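Take a look at the letters that make up each chain.
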Amino acid sequence: LLTAGERYTESYEEALAGLANLVAFASEGGAPATSATSFVLASDLHGNSLVLPVLAEYAEGKTVFFAGDFTLLGTTVESGLAPRIAGLGSDVVAVSGNHDSRPFMLALVRDGATVLTREGRLLADGTADGNPVVEIDGLAVAGYDDPLEGESARVEERPLELSDEAFAAASLEFVAWFEGLPERPDVVLVHQHGLAHALLTALAEEDTEPLLILTGHDHEQHLHEEGAAVLVDGGTVGAGGPFAIGVQSVGFAEVHLTGVGDARAVDLIAVEPLSGNARASRTALGAAAVEE
């Protein structure tokens, strides 16, 4: 880890620059056009600070939606990442993951990030403001704190996975929370992709209102459309954390919006910084796919 740092960051930067150029070139050749409005979806940093300089450059001027798991072990060193994470892009909108703790999420709040919970925006005193749907860049956004978020930073003192019975209960609670929101959001941010899929399934048969569900947790990039709802998982932006260097790819997503705020296309980007292997894809969504 100590010797990989500079080469890891430089290789990641070079590969990502090449992918950005490739996606732009492909767009001119017939891929769906996008508006100038876009945001970055990141998740599962797991304390890998080596990716932050490149991510900061890529996200400059954009809102970053961060779907949890900022930390891995809850160490003191990881807690020091809060200012760098909160400073990404023009704004960071975050929810907690199962590896995160309330103290870390409060550190993000103090450093300027917008942290969402099921009860509203998290305030510096540890309370929530009671407004579960907030406006971010003209979008109505709701966020759900992870059921396994810790009260203390160290993860060895608590479970990191839900049992089958607990997951079933958590899924029902999450869907009920969504259905009880005071207004319909455009975007829902939740860490655990299993909960995200539970909501997507619940909406599939009878819901016709557009909804963008942003998630993570499984470290696997995927995109699903069910009716008017779209689920986006950008993978692990920290390549699984510093102990998984060379094992997993750095992955994140960029979502492009129409002029009225609907999701038009999603870019899924993945880079293995040590080897330089990289891939990117753009998927048109809904009406955009039909038009093209």
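These lines cover the structure that appears in this document, whether it is placed above or below. In this text the structure is predicted, and so the values were computed from the model without any measurement.

### Focus: the pairing of strand 1 (residues 38-42)
- Of all 5 residues making up strand 1, 5 are buried, and the element is well covered by its neighbours.
- Residues Ser38, Val40 and Ala42 line one face of strand 1 and the alternating positions Phe39 and Leu41 line the opposite face, and both faces are buried.
- Where strand 1 and strand 12 (residues 250-257) come together, 4 bridges link them in antiparallel fashion. Following the sheet pairing, leucine 41 is matched in strand 12 by alanine 253.

### Re the nonpolar core
- Counting 40 residues, the largest nonpolar core has Phe66, Ile85 and Leu108 as its most contacted members.
- By residue number, the principal contributor to this core is helix 5 (residues 102-110), which donates 6 residues.
- Setting aside its immediate chain neighbours within four residues, phenylalanine 66 contacts Ala42, Ser43, Asp44, Leu45, Ile85, Leu88, Val92, Val93, Ala94, Val95, Leu189 and Val237.
- Listed in part, the 23 residues of the second largest apolar core include Phe65, Ile136, Val187 and Leu189.

### Concerning helix 6 (residues 164-179)
- An ideal rise of 1.5 Å per residue puts 22 Å on 16 residues; helix 6 measures up with 23 Å between its terminal C-alpha atoms.
- Here helix 6 has its buried residues at Ala170, Ser171, Phe174, Val175, Trp177 and Phe178. The buried side chains of helix 6 occupy one side of the element, clustering within an arc of 155° when seen end-on. In helix 6, the exposed residues that point more than 90 degrees away from the buried face are Glu165, Leu172 and Glu179.

### Observations concerning the environment of valine 115
- Position of valine 115 among the secondary structure elements: in strand 4 (residues 114-117).
- A C-alpha to C-alpha distance of 8.2 Å links valine 115 and glycine 143, two positions 28 residues apart in sequence.
- In this view, valine 115 contacts Ala94, Met105, Leu108, Val109, Gly120, Arg121 and Leu122; residues no more than four positions away in its chain are not counted.

### What about the sheet that holds strand 7 (residues 139-144)?
- As summarised here, the arrangement of the 6 strands in space is 6-7-8-9-11-10, forming an open sheet in which the pairing is mixed. One side of each edge strand has no neighbouring strand; the edge strands of this open sheet are strand 6 (133-136) and strand 10 (222-226). For this sheet, the mean angle separating the axes of adjacent strands, direction not counted, is 25°.
- Taken together, the 5 bridges between strand 9 (residues 211-216) and strand 11 (residues 229-233) define a ladder with parallel strand orientation. In the strand pairing of strand 11, leucine 212 is matched with valine 230.
- Strand contacts of helix 6: strand 7, strand 8 (187-192) and strand 9, with the helix running at about 150° to strand 7, the strand carrying the most contacts.

### Re the sheet that holds strand 12
- Reading across the sheet, the 8 strands line up as 5-4-3-2-1-12-13-14 and stay open at both edges, with mixed pairing between neighbours. Of all the strands in the sheet, the pair left with one neighbour each is strand 5 (120-121) and strand 14 (277-284).
- Note that strand 3 (residues 91-94) and strand 4 share 2 bridges and pair parallel. By the bridge assignment, alanine 94 is partnered in strand 4 with valine 115.

The rules behind these values
Residues numbered from 1 in each chain as written. Predicted model: local features only at pLDDT ≥ 70, side-chain atom pairs only at ≥ 80, totals over all residues. Heavy atoms only, no water. Buried < 20%, exposed > 50% of the residue type's maximum accessible area, 1.4 Å probe, protein only. Helix = DSSP H or I, 4+ residues; strand = E, 2+ residues; numbered from the N terminus. Pairing = 2+ DSSP bridges. Core = buried A, V, L, I, M, F, W, Y, C linked by side-chain atoms within 4.5 Å. Contact = heavy atoms within 4.5 Å. Expected span 1.5 Å × (residues − 1). Arc of directions from axis to C-beta. Axes fitted to C-alpha atoms, helices over the stretch in contact; angles between N-to-C directions.

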